[in-house]
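Spelled out, the chains give:
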Amino acid sequence: VQLQASGGGLVQAGDSLRLSCAASGRTFSTYGMGWFRQAPGKEREFVGSISRSGGSTYYADSVKGRLTISRDNAKTVYLQMNSLKPEDTATYYCAATYRAALPSQWPYEYNYWGQGTQVTVSS
């Protein structure tokens, strides 16, 4: 599986942004998907994940209520980000795993990673 993240950019606090992660391969529906982010000087942080079917999601407490993950049959996973804050500034990565139907927050669980897309939120 190859993953291509896109949709990042420079926005103001309070704005919304939607990231996309396009996946290649025929078995996309067998992968649980996750989003992570990494700010300069900080460790990679789990944002949220979505199950293979798209019926279940799991979010980090820091983003609950503001960020929403979804997926469609066109091999794309989305991260809708609302009410953005300066602390959301980071490079965002999508990841895929065949090890779990609903992936956890642990990076080691994921088999494939996208290249990242930069999100910058100005105050």
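In short, a report on the structure. All figures in this text were calculated on a predicted structure; none of them were measured in a lab.

### A few points about the pattern of salt bridges
Next, step 1: The full count for this structure, using the stated rule, is four salt bridges.
Next, step 2: Between Arg-37 and Asp-88 there is a salt bridge, with its nearest N and O atoms 2.9 Å apart. Taken together, the residues span a long stretch of sequence, with Arg-37 in strand E4 (residues 32–38) and Asp-88 in the loop between strand E8 (76–81) and strand E9 (90–97) at a distance of 51 residues.
Next, step 3: A residue is classified by how much of its surface remains accessible, and Asp-88, at 1% relative accessible area, is buried.
Next, step 4: Through salt bridges that share partners, Arg-37, Glu-45, Arg-66 and Asp-88 make up one connected network.

### Overview of the pairing of E9
Regular strands place side chains that alternate from one sheet face to the opposite one.
Next, step 1: Where burial is concerned, most of E9 is hidden: eight out of the eight residues are buried.
Next, step 2: In terms of strand pairing, E9 meets strand E11 (residues 117–122) through three bridges, oriented antiparallel. Pairing of Thr-91 across the sheet is with Gln-118, part of E11.

Conventions we followed
- Residues numbered from 1 in each chain as written.
- Predicted model: local features only at pLDDT ≥ 70, side-chain atom pairs only at ≥ 80, totals over all residues.
- Heavy atoms only, no water.
- Salt bridge = Lys/Arg side-chain N within 4 Å of Asp/Glu carboxyl O.
- Helix = DSSP H or I, 4+ residues; strand = E, 2+ residues; numbered from the N terminus.
- Buried < 20%, exposed > 50% of the residue type's maximum accessible area, 1.4 Å probe, protein only.
- Pairing = 2+ DSSP bridges.

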